Amino acid sequence: MIHGSLFQDFREKETADPFALQNKKLLRVDMRYGEVMARAGSMVAYQGDVRFAKKGQGMGKFLKSAVTGEGLTMMTCSGQGELFLAESAADIQLMYLDNDAISVNGNNVLAFSSSINWDIHRIQARGAAMTGGLYNVSLQGTGYVAVTTSGDPIALDVASSPTFGDAQAVVLWTAGVRMDVRVDTGGIGSLVRGGSGEMLQMAFTGQGHVLVQPSESVVNGSHQQAGGGGNSGQGGLLGQVLG
């Protein structure tokens, strides 16, 4: 016989919501409501008959695979039952878009309803080369969206004051917000983060919010900083997409 409250304290939470947080780090998806797009490798458990579509399996467009410099690959989950998603024990932030749009750092995307239209865009700094690059995912339409953050984020109101963020700490911004990338190549500003001599800053204007996490997104094999190599930016930034 097992004694203790372990299986009572952490038992599955019953809910009728399509997307629901089991806890701060674990997302529960009720598959009765239809297909879900999820980050490849984010499945930690499921109950019932849940299937994962992979490229080359003859399942048509169930999977839109787009691999970026950050290694982002999305998969389609379908079937019946409950699906549990997580990403390296990061905190999960859940929202519902009602005919709206957001732009999310590719490293922070966890899952979203299949009713959401999505695309990947490369962010380029005006007149600067970036090693590895920055990629954002634009999400538009109506449905649930789950993103990950390293710790509790802060939501900044762009309209209230000029707003700037470290390019690796910005999680997402809402429709109505315009973004530009600035590169500091010297001076005291370059000492703000790490003293590398060059630093990417995102500058935000317009109406809406920017979500920033209290940590930089560090991706193995890809350095999201200004430097030699990579492709030179030409302007025409992602902020134009949702601005």
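Okay, so let's go over this structure.

Each value, and the rule that gives it
- Residues numbered from 1 in each chain as written.
- Predicted model: local features only at pLDDT ≥ 70, side-chain atom pairs only at ≥ 80, totals over all residues.
- Heavy atoms only, no water.
- Phe/Tyr/Trp six-rings, centres within 6.5 Å; stacked < 30°, edge-to-face > 60°.
- Helix = DSSP H or I, 4+ residues; strand = E, 2+ residues; numbered from the N terminus.
- Buried < 20%, exposed > 50% of the residue type's maximum accessible area, 1.4 Å probe, protein only.
- Contact = heavy atoms within 4.5 Å.
- Core = buried A, V, L, I, M, F, W, Y, C linked by side-chain atoms within 4.5 Å.
- Salt bridge = Lys/Arg side-chain N within 4 Å of Asp/Glu carboxyl O.

Now for the packing of aromatic side chains. This model, assessed by the stated rule, comprises five aromatic pairs. Relative to Tyr-144, the ring of Tyr-96 has its centre 4.9 Å away and its plane inclined at 70°; by these criteria the two rings are edge-to-face. Residue Tyr-96 is located in strand β6 (residues 91-105), and its partner Tyr-144 is located in strand β10 (residues 134-149); the two are separated by 48 residues in the primary sequence. For Tyr-96, a relative accessible area of 47% translates into the label partly exposed.

Looking at the element boundaries, Asp-98 is found in strand β6. Not counting chain neighbours up to four residues away, the residues in contact with Asp-98 comprise Gly-141 and Thr-142.

Formed by 18 residues in total, the largest nonpolar core has its most connected members in Ile-102, Val-104, Phe-112, Trp-118, Leu-139, Val-145 and Leu-172. Looking at this core, the elements with two or more residues in it are β6, β7 (109-113), β8 (117-123), β10 and β13 (170-174).

Applying the stated rule across the entire model yields eight salt bridges. The residue Arg-28 makes a salt bridge to Glu-82 at a minimum N-O spacing of 4.0 Å. Here the residue Arg-28 occupies a position in strand β2 (residues 26-30), and Glu-82 occupies one in strand β5 (residues 74-85), the gap between them amounting to 54 residues. With a relative accessible area of 22%, Glu-82 lands in the partly exposed category. Between Arg-39 and Glu-87 there is a salt bridge whose closest N-O contact spans 4.0 Å. Residue Arg-39 is located in strand β3 (residues 36-39), and its partner Glu-87 is located in the loop between β5 and β6; the two are separated by 48 residues in the primary sequence. One network of salt bridges, in which partners are shared, links Lys-24, Lys-25, Asp-91 and Asp-152.

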